[in-house]
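Structural features, examined
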Amino acid sequence: MFLRLIFVLLSFSFFSFSHDLWIEKEGNNFKLLYGHKFSSHGGDKLMEYNPDFVKYLLCYEGGKVYNLDFERVYPINISAKCDEIFFLFSSGYWTKTVYGTKNVPKEGEKQVVKSWLSFESVNF
């Protein structure tokens, strides 16, 4: 029950930030993709991601939620019988300085404007 509640809450709480992640489904096969295929801003339609950025992969089937093990290769491709599938994705800390934005924590950086820990999620 607890995992199902987390599954539902995370599905809605991060949905608005998941514009760059999507899942393509073919039969019982789910593939996690990343890029700018559906966003209005420019950029590559398909971009390679680090598979270690996927923190959780949950499957909801028949009233139960469970973690799925997956091979950490790009693109993450899962064959599972799920009514719904959920990916939690984090590219780590990002820091904006007067010199630009980098995928690093703010410690050791100069003239930091802001820093954040990035999380995105997507479900299908």
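As shown above, the structure is provided for reference.
Attention in this report is confined to the structure presented alongside it. (Residues numbered from 1 in each chain as written. Predicted model: local features only at pLDDT ≥ 70, side-chain atom pairs only at ≥ 80, totals over all residues. Heavy atoms only, no water.)

Looking at the sheet that holds strand β1 (residues 21-26)
The following threshold applies: What makes two strands pair is DSSP finding at least two bridges between them. Runs of H or I in DSSP of at least four residues are treated as helices and runs of E of at least two as strands, each being numbered from the N terminus. To obtain each axis, a line is fitted to C-alpha atoms, and for helices this fit is confined to the stretch in contact; angles are then taken between N-to-C directions over 0 to 180 degrees.
What the 3 strands build is an open sheet, ordered β1-β2-β5; its pairing is antiparallel. Each of the sheet's edge strands pairs with one partner strand only, and the pair in question is β1 and β5 (77-79). If you compare each strand with its neighbour and ignore which way they point, the axes differ by 20° on average. As judged from the 6 bridges shared by β1 and strand β2 (residues 29-34), these two strands associate in the antiparallel manner. Counterpart to K25 in the pairing with β2 is F30.

Overview of the state of the cysteines
The condition that has to hold: Working definition: a disulfide is two cysteine sulfur atoms within 2.5 Å of each other.
Summed over all chains, the structure comprises 1 disulfide. Residue pairing for C59: its cysteine sulfur links by disulfide to C82, the two sulfurs lying 2.0 Å apart. Note on the C59 and C82 pair: the S-S dihedral is about -125°, so by sign convention the disulfide is left-handed. One end of the pair, C59, is in strand β3 (residues 54-61); the other, C82, is in the loop between β5 and β6 (84-97), and 23 residues separate them in sequence.

Notes on the pairing of β3
In summary, the side chains of a regular strand alternate between the two faces of the sheet. Bridge count between β3 and β6: 6 bridges; the pairing is antiparallel. Bridge pairing in β6 links Y60 to E84. Where β3 lies against strand β4 (residues 64-67), 4 bridges are found, and the strand directions are antiparallel. Paired with L58 across the bridge in β4 is N67. Hairpin connection from β3 to β4: 2 residues lie between these consecutive antiparallel strands, with G62 at a positive phi of about 55°.

Describing the pairing of β6
Quick note on the threshold: Only protein chains enter the calculation, and the probe is 1.4 Å; a residue is then buried if its accessible area is under 20% of its type maximum, exposed if over 50%, and partly exposed in between.
Of all 14 residues that make up β6, 10 are buried, and the element is covered over most of its length. Of the strand pairs in this sheet, β6 and strand β8 (residues 112-123) are connected by 10 bridges, and their pairing is antiparallel. Each bridged residue has a counterpart across the sheet, and for T95 the counterpart in β8 is S115. Relative to strand β7 (residues 100-102), β6 runs antiparallel, the two being bridged by 3 bridges. The residue bridging T97 from the neighbouring strand is G100, located in β7. Taking the residues between adjacent antiparallel strands as the criterion, β6 and β7 are bridged by 2 residues.

Here's the deal with the pattern of salt bridges
Worth spelling out the cut-off: Any Lys or Arg side-chain nitrogen located within 4 Å of an Asp or Glu carboxyl oxygen qualifies as a salt bridge.
Enumeration according to the criterion identifies 2 salt bridges in this entry. The closest approach of N and O atoms between K102 and E109, which form a salt bridge, is 2.8 Å.

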